[in-house]
Amino acid sequence: MGTDSIPAPHGIETGLDRTGPVSRPGTYLELIHSWIVTVDHKRLGILYICYALLFLLVAGSEAMLIRIQLFFPHNNFLSPYTFNRMFTMHGTTMVFLMGMPMLFGFGNYLVPLMIGARDMAFPRLNAFSFWISAFSGFLLYYSFIGGVGLYGTGSAPDVAWFAYAPLTERPFSPGHSTDYWAVAVLANGIGSIGTAINIIATVFCMRCKGMKLSRLPLLPWLYATTSFLVLVAVSPLTAAQAMLLIDRYLGGHFFDTQMGGSAILWAHFFWIFGHPEVYVLVLPAFAFANEIIPVFSRKAIFGYPAMVAASVGIGFISLGVWAHHMFTIGMTSFGNAFFTLSTMLVSIPTGIKTFNWLATLWGGKIRFAPPMLFAIAFLFQWVIAGLTGIMLSVSAWNWQLHNSYFVVAHFHYVLVGAIVFMVFAAIYFWYPKMTGRMLDERLGKWHFWLMVIGFHMTFDVMHFPGLLGMPRQIFTYEPDRGWTLLNQIVSVGGFIQAIAVLVLVYNLVHSYFRGAVAGPDPWDAWTLEWSTTSPPPAYNFVVDPVVASRRPLWDLKHPEDPDSAFE
Amino acid sequence: MKLGLIFVRCIIATALLVVCLCARAAPSSTSIFSNKSTPAHELNDLSMFVLGITGLIFLGVSSLLVYAIVKFRARKGDTTEPPQVFGSMQIELSWTIIPILIIVVLFLTTARVLFSVQDAQKPKSALDVIVVGHQFWWEFRYPQYNVVTANELHLPVSSKEAPRPAFMKLTSADVMHSFWVPQLGGKTDVLPNRVNEMWMDPQETGLFVGQCAQFCGPEHAKMLLRVYVDTPEQFKAWIVSQQKAQAELMPLPGGPHRSAGETAPNLGNQGGVVNIATNKVPPNSPTTRGNVITSLGESQEISARTGQYVFEHEACISCHTVSGTVATGRYGPDLTHLMSRDTIASGVASNTKENLLNWIGDPNQIKPGSMMPAMHLSDTQNKQITAYLMTLK
């Protein structure tokens, strides 16, 4: 086994490995060293995914603490200070340390394999991006030890994940916890931009022979779109963090309202990042669906050109909708109307995507393996998330819904119901490729059903306290508002989801050692990553692949009815 | 498999129904659907329309999905591949154009409500209210009447025949807050260094509650709002009572003696300047008064008189105003008519003697993170201050 390839579990042959055998088995130190200095896109992808899973557990635990606190009205389980730190860290962690790394991890792993390349365009930049992202995560969490929060109390950031000015200014947030937040987000942004540049360069310059853009699988297409969004959206965020730090340390007044600064300016900066960010996260989830749904329906994706156009369209439109987070901030009626319309427009390309997935299922022979179960749940949940999104885009109604638990339920429907569900689907789908072993299907079904039940208990019910007037980010609530029972159902559901995630973690570890051997192509799929061994050797392909259609492996398996005949 | 999915959907539908019933049965006074003013009505009608359309879309799409999943599941033992279909221009056009039409309808409906609520003309009979958000309480000013109060907003009821909408200008003294009383209308953010506007015309008398809807610091959750909608007569009487200033309970050297409750306009404390209608010498200052009646400082007597002495000689007056006295602080709530309010600490506790005493002893026990410091006064002093506050009717 070559030292650069991923160590395969015992009993897995990486048959195409032509490097000479090492003369002695490597020590653990050498193993760790090889992972730290690696520039292999597959190893970095796995590092990203493990890092993201770690923070999924951390931020999930924070969510559980939040849910315990909200189980009873006037509960004293957490102090308001701790509660505020918990939801700030939960939000920041889930977006920056779990969502982005998880999706970049899969992107790193899959994009070169799917376009028939041997690595990313800039392997060293890739390693740098990962390590600076990792640094940002540990920096943020170091604030529990080193930071001091609002009014000098406690530690860790407690200004909410959108950190509205002027709460983050020195008079209101002395100490250093806000600095940890700003610097960590800034460092994370540098990593994200690095990876985005890398993915764009890889997709546009590294495709194998025959892979025109019109033959590019949808996953790399969507990752390229996402990466453009990262470039455009993360830059304002980075700029805003720099401005905030200038305010806090160099006497600037960008957001210092007491010296004529503007609180709205921060809101614009943050959401011009924050809304495209939602699409940065959800487009990769769509990308997984675009690969998984066809394979388990046994049909080609329906309307490939429309899917590409819709994805790129979502990318463009999403850059012009940010102020729908600010309908209550006091924009003019014309401004509100503009952002109502632009936001509603997003539903057209997303609608196209949804219907195309439906049409892909239509007339297929659907197999209900764990990846497909998660993908089907995703479809239903995505429809609901989209429809509550339309409700929120109705700016006049948004004056009631904004900043209530209805919004919390809506964006968790997107982030968990769509994105996390598709991440789970992707884990079940590509884990055999990454390790050479299948994940246990029985545990997978346990995971799925617990997750579905927990998810719907939590996030379906969570809409209602919002409609009953419960604002978000409150550490406790009044007993006479009719929110108590609803919050208790939500909390119980949250714990069921936590158990589901633990089942997944157990499955990941268990199957690494005990899982059935997968072979190169366990799902009978059609894209290039399934043409090489599982796990692939360091150089991915022995011979550079040449493709003649969007589904090169279909052509191989069905020479009598090749896709290339229809191009 | 198919049974499983249908089962799950059924469970979800039942759960939703149960939740709806719970929500209806709950004694919630903050539901956005139980609206009591014109803007809230308009928002509610719009929301019903949107719910209807989105509900239909959901039914349509999800039934198609369920049908496809059930109908096109792989049969056991069937290993053949289905016919490969790559797309269809007509079908794809149809599911592009139909959503566009729906969006046109939705947008036009929204725009109508949006402009009619947000750009409503202010009638002559409108009541002006200035709302100032503070960490973690609300200041309300009625510039037409020179009344300042805190946390409990009084509005006159409005009807078609006698419209009396409140047009509110909202701003913040520190960080961002958001004013939200769901039954009376949508929320409007309250920003420092900026004035936002909103209006409401409550059509029913009664108490309407809400709270700050923008995270503003440790005690964001306990920045509650209470809006009392009074009949026009009650409102008038309330205004008159709020306009009265309080009196110094001590005879002042060279100053007039005025008893509590004697009418003198409460001008708030515009510009931070004490503005007492009697054009006498500045009533007094803590230092001069300290020289006049030193003995009260150590007095064990628990009375309003001694309470006022302590109130005015400790730091209380740095932050609090009691109109008509030397207390002109602006950082904390105006206490001139404290006892006319039902609650203290922005709706956190009812306004009882016991709660006041505890609050003065250590505000953080009742509301951790409150900006009011524990002054570490003696028990006697706390009781004296409470006795004084209890007279601020």
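Quick caveat, the model's predicted, so the values are computed rather than measured.

1. Quick notes on the overall build of chain A
On a plain count of helices and strands, chain A comes out with 15 helices and 0 strands. Across its three principal axes, chain A shows a C-alpha extent of roughly 70 × 55 × 40 Å. Sequence-distant contacts in chain A: of pairs separated by 6 or more residues, those separated by 24 or more amount to 80%.

2. So, the overall build of chain B
A tally of regular secondary structure across chain B gives 10 helices and 12 strands. Of all 393 residues assigned to chain B, the portion counted as buried reaches 41%.

3. As for the interface of chain B and chain A
Across the contact, 84 residues belong to chain B and 85 residues belong to chain A. Listed by contribution, the elements that provide at least two residues to the side of chain B that touches chain A are α1 (2-25), α2 (38-71), α3 (89-118), β7 (188-190) and β9 (206-211) of chain B. For the side of chain B that touches chain A, the leading source of residues is α3 of chain B, giving 16 residues. Residue composition of the side of chain B that touches chain A, grouped by class: 52 nonpolar, 22 polar and 10 charged.

4. A short note on the sheet that holds strand β1 (residues 127-134) of chain B
As a general point, the strands of a sheet are linked pairwise by backbone hydrogen bonds and lie either parallel or antiparallel. All names here are of chain B. Sheet architecture is open: 5 strands sit in the order β3-β2-β1-β5-β8, paired in mixed fashion. Only two strands of the sheet have a single partner each, and these edge strands are β3 (147-150) and β8 (196-200). Direction aside, the axes of adjacent strands within the sheet are offset by 25 degrees on average. The pairing of strand β5 (residues 166-172) with β8 spans 5 bridges and is classified as antiparallel. Each bridged residue has a counterpart across the sheet, and for Ala166 the counterpart in β8 is Met200.

5. A word on the sheet that holds strand β4 (residues 152-156) of chain B
Residues and elements named next belong to chain B. Taken together, the 3 strands give an open sheet; going across it, the order is β4-β10-β9, and neighbouring strands pair in mixed fashion. The open sheet has two free edges, formed respectively by β4 and β9, since each of these has just one partner strand. The sheet shows a mean angle of 25 degrees between the axes of neighbouring strands, taken without regard to direction. Most of the contacts of helix α4 (residues 232-243) go to β4, to which it runs at about 130 degrees, and overall it touches β4 and β10 (224-230).

6. Quick notes on the domain arrangement of chain B
Residue and element names in this part refer to chain B. Domain assignment breaks chain B into domain 1 (24-73 + 89-242) and domain 2 (270-389). Across the contact, 20 residues belong to domain 1 and 15 residues belong to domain 2. At the level of secondary structure, the elements contributing two or more residues to the side of domain 1 that touches domain 2 comprise β2 (137-142), β3, β10 and α4. Class assignment of the residues belonging to the side of domain 1 that touches domain 2 gives a composition of 9 nonpolar, 6 polar and 5 charged.

7. Regarding helix α6 (residues 218-249) of chain A
Given a rise of 1.5 Å per residue, 32 residues ought to cover 46 Å, and the 46 Å separating the end C-alpha atoms of α6 of chain A matches this to within 8%. A positive phi of about 75 degrees marks Gly251 of chain A, the residue just after α6 of chain A.

8. What to know about the pairing of β10 of chain B
Residues and elements named next belong to chain B. For β10, a buried count of 5 out of 7 residues is recorded, marking the element as mostly surrounded by other parts of the structure. For β4 and β10, the ladder comprises 5 bridges, and the chain directions are parallel. Following the sheet pairing, Pro156 is matched in β10 by Asp230.

9. Considerations on the nonpolar core
Phe374, Ala375, Phe378, Met422 and Ala425 of chain A are the most contacted members of the largest nonpolar core, which totals 275 residues. Shared between two domains, this core holds at least three residues of each, these being domain 1 (24-73 + 89-242) and domain 2 (270-389) of chain B. The contact partners of Met422 of chain A, leaving out residues within four places of it in the chain, are Ala285, Phe288, Ala289, Phe374, Ala375 and Phe378 of chain A.

10. Concerning helix α8 (residues 353-361) of chain B
All names here are of chain B. Looking at α8, one finds that the buried residues are Leu356, Trp359 and Ile360. What you see down the axis of α8 is that its buried residues fit within an arc of 95 degrees, all on one side. The secondary structure elements touched by the buried residues of α8 are β11 (343-344), β12 (349-350), α9 (363-366) and α10 (379-389).

11. Topic: unusual backbone geometry
Omega for the peptide link from Ala165 of chain A to Pro166 of chain A comes to 0 degrees, which places this bond in the cis form. Mapped onto the secondary structure, Pro166 of chain A falls in the loop between α4 (123-146) and α5 (177-205). The omega torsion across Ser534 of chain A and Pro535 of chain A is -10 degrees, close enough to zero to call that bond cis. Counting through the fold element by element, Pro535 of chain A comes out in the loop between α14 (484-514) and α15 (552-557). The residue Asn151 of chain B is not glycine, and still its phi comes out positive at about 70 degrees. Within the element layout of this structure, Asn151 of chain B appears in the loop between β3 and β4. Of note in this structure, Ser346 of chain B is not a glycine but carries a positive phi near 60 degrees. Positionally, Ser346 of chain B belongs in the loop between β11 and β12. For Ser346 of chain B, a count of 24 C-beta atoms within 10 Å corresponds to the buried category.

Here is what the cut-offs are and how they apply
- Residues numbered from 1 in each chain as written.
- Chains lettered and ligands numbered in written order.
- Predicted model: local features only at pLDDT ≥ 70, side-chain atom pairs only at ≥ 80, totals over all residues.
- Helix = DSSP H or I, 4+ residues; strand = E, 2+ residues; numbered from the N terminus.
- Contact = placed C-beta atoms within 7 Å.
- Buried ≥ 20, exposed ≤ 12 C-beta atoms within 10 Å, placed from the backbone.
- Nonpolar A, V, L, I, M, F, W, Y, C, P; charged D, E, K, R; others polar.
- Pairing = 2+ DSSP bridges.
- Axes fitted to C-alpha atoms, helices over the stretch in contact; angles between N-to-C directions.
- Domains from an automatic or database assignment.
- Expected span 1.5 Å × (residues − 1).
- Core = buried A, V, L, I, M, F, W, Y, C linked by C-beta atoms within 7 Å.
- Arc of directions from axis to C-beta.

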